[in-house]
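Examination of the molecular architecture
Letter by letter, the chains look like this.
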Amino acid sequence: MDAALKRIRHVLVEEPEFVFWKTLESVYLGCNALCAKDGGFTTPEAIIGLTDNDAAWRERASFFRADDAAVIETGEPKLNYEELLITATGQEVWIRTSKRPLRDAEGSIIGVLGSYEDITEQKKTQEQLHHAQRMDAIGQLAGGVAHDFNNLLVVIISHAEQLDEEIRSGKADPERTVEILSAADRAADPTDHEPCRDQEAPRAQVRRAVAQHLRHRPTEAVLPARSPGRDEPCPADRYEDRG
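This is a predicted model, so every value here is computed, not measured. (Residues numbered from 1 in each chain as written. Predicted model: local features only at pLDDT ≥ 70, side-chain atom pairs only at ≥ 80, totals over all residues. Heavy atoms only, no water.)

1. A word on the sheet that holds strand E4 (residues 92-103)
Here is the rule: Strands are treated as partners if at least two bridges between them are detected by DSSP. Only DSSP runs of H or I reaching four residues or more are called helices, and only runs of E reaching two or more are called strands; each is numbered from the N terminus. Helix axes are fitted to C-alpha atoms over the stretch in contact, other axes to C-alpha atoms as well, and angles between N-to-C directions run from 0 to 180 degrees.
The strand order E2-E1-E5-E4-E3 describes an open sheet built from 5 strands, whose pairing is antiparallel. The sheet is open, and its two borders are formed by strand E2 (28-31) and strand E3 (78-86), each paired with just one other strand. On average, each strand axis in the sheet is inclined to that of its neighbour by 25°, with strand direction left out of account. Relative to E4, E3 runs antiparallel, the two sharing 7 bridges. When the bridges of E4 are listed, Lys 78 appears paired with Lys 99.

2. A short note on the packing of aromatic side chains
Going by this rule: Each Phe, Tyr or Trp ring, with Trp reduced to its six-membered ring, pairs with another whose centre is within 6.5 Å; inter-plane angles below 30 degrees give stacked pairs, above 60 give edge-to-face pairs, and intermediate values give tilted ones. Either the NZ atom of lysine or the CZ atom of arginine qualifies as a charge over a ring when it sits within 6 Å of the ring centre and within 35 degrees of the ring normal.
All chains considered together, the criterion is met by 3 aromatic pairs. On the basis of an interplanar angle of 15° and a centroid distance of 4.7 Å, the ring pair of Phe 18 and Tyr 116 is categorised as stacked. Linking Phe 18 in strand E1 (residues 18-23) with Tyr 116 in strand E5 (residues 109-118), this pair joins segments that are 98 residues apart in sequence. Summarising the aromatic geometry, the rings of Phe 20 and Tyr 116 are spaced 6.4 Å apart at their centres and angled 45° between planes, so their arrangement reads as tilted. In this pair, Phe 20 sits in strand E1 while Tyr 116 sits in strand E5, placing the two residues 96 residues apart along the sequence. Pairwise contacts between aromatic rings join Phe 18, Phe 20, Tyr 28 and Tyr 116 into one cluster. When the ring centre of Phe 63 is taken as reference, the NZ or CZ atom of Arg 60 above it lies at 4.4 Å. Over the ring of Trp 94 we find Lys 123; its NZ or CZ atom is 4.4 Å from the centre of that ring.

3. Some points on the nonpolar core
A general trend in soluble globular proteins is that nonpolar side chains are found buried together. The condition that has to hold: Side-chain atoms within 4.5 Å are what join buried Ala, Val, Leu, Ile, Met, Phe, Trp, Tyr and Cys residues into a set we call a nonpolar core. For every residue, the accessible area (1.4 Å probe, protein chains only) is compared with the maximum for its type, and the residue is labelled buried under 20%, exposed over 50%, or partly exposed between those bounds. Any two residues whose heavy atoms approach within 4.5 Å at even a single point are treated as in contact.
Residues Phe 20, Cys 31, Cys 35, Trp 57, Leu 85 and Tyr 116 are the most contacted members of the largest nonpolar core, which totals 15 residues. Listed by contribution, the elements that provide at least two residues to this core are E1, E2, helix H2 (33-39) and E4. Residues contacting Trp 57, with those up to four places away along its chain left out, are Tyr 28, Cys 35, Asp 38, Gly 39, Asp 52, Phe 64, Leu 85, Ile 86 and Tyr 116. If you look at the next biggest cluster of nonpolar residues, it comprises 5 residues, including Val 19, Leu 29, Leu 102 and Ile 110.

4. Examining the pattern of salt bridges
So the rule is basically this: Salt bridges are defined as contacts in which a side-chain nitrogen from Lys or Arg sits within 4 Å of a carboxyl oxygen from Asp or Glu.
All chains considered together, the criterion is met by 8 salt bridges. Salt-bridge contacts for Lys 124 lead to Glu 121; the nearest nitrogen and oxygen are separated by 3.7 Å. Highlighted residues: Lys 124 and Glu 121, both in helix H4 (residues 120-169), separated by 3 residues, approximately one helical turn. The partly exposed category is assigned to Lys 124, whose relative accessible area is 46%. Judged by its relative accessible area of 55%, Glu 121 is exposed. Each member of the salt-bridge network shares a partner with another, and the members are Lys 22, Asp 52, Asp 68 and Lys 99.

5. With respect to the pairing of E1
In terms of burial, E1 is largely enclosed, as 6 of its 6 residues are buried. As paired elements, E1 and E5 share 6 bridges and run antiparallel to each other. Within E5, the residue paired with Phe 20 across the bridge is Gly 114. When E1 meets E2, the two strands line up antiparallel, connected through 3 bridges. Bridge pairing links Trp 21 to Gly 30 in E2. What sits between E1 and E2 in their antiparallel hairpin is a turn of 4 residues, with Ser 26 showing a positive phi close to 65°.

6. What about the state of the cysteines?
Selection criterion: Throughout, disulfides are identified as pairs of cysteine sulfur atoms within 2.5 Å of each other.
One pass over the structure, following the stated rule, counts 0 disulfides. With no disulfide partner, Cys 31 has as its closest neighbouring cysteine sulfur the one in Cys 35, 4.4 Å distant.

So far we have only geometry, and geometry alone does not tell us how the molecule works.
Below, the structure written as structure tokens:
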């Protein structure tokens, strides 16, 4: 076992990644300088005989020991998984960790060998990219909604202008208000979901405006070609009641 640990120490002490190795009980047998610094130790030798509870990342100790145990019990490595680490400066960083069974010359598992790399900046870059993609998608959606809303406004304005001209000429068709109100409904509720209280405002405003406009015109200018039955409300009353 001592010979195996010496070989490991010789190979890994200058490794550019953060490297450590532990016993079957998750007691540190050694680490390189980068890992020692993260843990709050002045030298790699200072961590020998200690556990994760003695290092700067003690708040995450139970998670680290659970991973150690899984690798030791199964004999299978656990590679390239992301987790949080608290360094000696109190900084919380993202790391990508790999752990493998540590074996002696006969192949028996004598502990766990681990390494990790700091991927905090990489995570930030990914998050910025995802944020930019979300904002782009929202912008495209908003542009589409604005386009549809403008189309509906064209319908409302066009029918309103024609209705005004027809009323002035005494040839108004009250049913034209159906198109105006229908367009107002679609503009107020473009997703076809149940309208919220704020979405009701455009509908009610259009209905009240049309009803008021019709009520201030001569009866013969606003009635349809056939007279409504005794129980049939006039168009202005019908749309006003809906508001």
